[in-house]
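# Fold and geometry: a report
Residues per chain are reported as follows:
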Amino acid sequence: MTDEGGVFFLYGYGGTGKTYIWKALTSALRSKGHIVLTIVSNEIATILLPGGRMAHSRTLRAILRFQNPNTFNLPFGGIPIVFGGDFRQILPVGNLRVDELHYVVQMGFVQSQLGATFPSQSLPEENCKSDKFSAQT
Ligand SMILES: Nc1ncnc2c1ncn2[C@@H]1O[C@H](COP(=O)(O)OP(=O)(O)OP(=O)(O)O)[C@@H](O)[C@H]1O
């Protein structure tokens, strides 16, 4: 990651290494003195990330209030943001099947005008099927 910031999206099946990358990123940035907010969508996920906090309006308002005249036109005012997750793990909504929900969210977010402006990285499914990590952990 450069010092220029940006918005990124990290995506992959369960067990492919998303949390591992977020933890590594968070530790690397905090060790350099940067402020990193780890915001998650459900209570259980707060224990997975160091300093994890539930997303709520107060947190989001603080992010959206950030103003820098030099980066005014950039998404989120130029704050570096790494979105991520696995849409297959979203809890059921109404009568939608998991694969339908996954499709709806992906189309609405990744394919949106905003989603089209930032790089999206998908972790390979083989990561979770292989035992290549188990020898190292
Ligand atoms: N690059 C890596 N090197 C070593 N171990 C790794 C690496 N990436 C992931 N792992 C290990 O693989 C396992 C699964 O990774 P992780 O929990 O990050 O996956 P995940 O995509 O966040 O899964 P989930 O979506 O189910 O939360 C963990 O035990 C993690 O420590």
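Below you will find a few notes about this structure. None of these values were measured; they are calculated from a predicted model.

This next bit is on helix α1 (residues 18–31). Helix length check: α1, at 14 residues, gives a terminal C-alpha distance of 20 Å against a target of 20 Å (1.5 Å per residue), a fit within 8%. For α1, the set of buried residues is Lys 18, Trp 22 and Thr 26. For α1, the angular spread of buried residues about the axis comes to 65°, placing them on one side. Set apart from the buried face of α1 by more than 90 degrees, the exposed residues are Tyr 20 and Ser 31. Packing partners of the buried residues in α1 comprise β1 (7–11) and β4 (81–85). Gly 33 sits one or two residues past α1 and shows a positive phi near 90°.

Right, let's get into the sheet that holds strand β5 (residues 120–122). Taken in spatial order, the 3 strands line up as β4-β1-β5 in an open sheet, and their pairing is parallel. Both edges of this open sheet fall to β4 and β5, since each of them pairs with a single strand only. Between one strand and the next, the sheet's axes are offset by a mean angle of 20°, whatever the strand orientation. Of the pairings in the sheet, the one linking β1 to β4 comprises 5 bridges and is parallel in character. Residue pairing in the sheet places Leu 10 in a bridge with Gly 84 of β4.

A word on the side chain of Thr 46. Residue placement: Thr 46 occurs in the loop between β2 (39–40) and β3 (53–54). A polar side-chain atom of Thr 46 sits 2.5 Å from the main-chain carbonyl oxygen of Glu 43. Ignoring anything within four residues of it in the chain, the contact list for Thr 46 reads Val 40, Gly 52, Arg 53 and Met 54.

Counting 8 residues, the largest nonpolar core is built from Val 7, Phe 9, Tyr 11, Ile 63, Ile 79, Ile 81, Phe 87 and Phe 118. For this core, the element with the most residues is β1, which contributes 3 residues. Within the second largest apolar cluster, 6 residues are counted, among which are Leu 10, Trp 22, Val 40 and Ala 45.

Along β1, 4 of the 5 residues are buried, which leaves the element largely enclosed by surrounding structure. Relative to β5, β1 runs parallel, the two sharing 3 bridges. Bridging from a neighbouring strand, Leu 10 pairs with Gln 121 of β5.

Rules used in this analysis
Residues numbered from 1 in each chain as written. Predicted model: local features only at pLDDT ≥ 70, side-chain atom pairs only at ≥ 80, totals over all residues. Heavy atoms only, no water. Helix = DSSP H or I, 4+ residues; strand = E, 2+ residues; numbered from the N terminus. Expected span 1.5 Å × (residues − 1). Buried < 20%, exposed > 50% of the residue type's maximum accessible area, 1.4 Å probe, protein only. Arc of directions from axis to C-beta. Contact = heavy atoms within 4.5 Å. Pairing = 2+ DSSP bridges. Axes fitted to C-alpha atoms, helices over the stretch in contact; angles between N-to-C directions. Polar contact = N/O pair within 3.5 Å; in protein donor to acceptor, adjacent residues only side chain to side chain. Core = buried A, V, L, I, M, F, W, Y, C linked by side-chain atoms within 4.5 Å.

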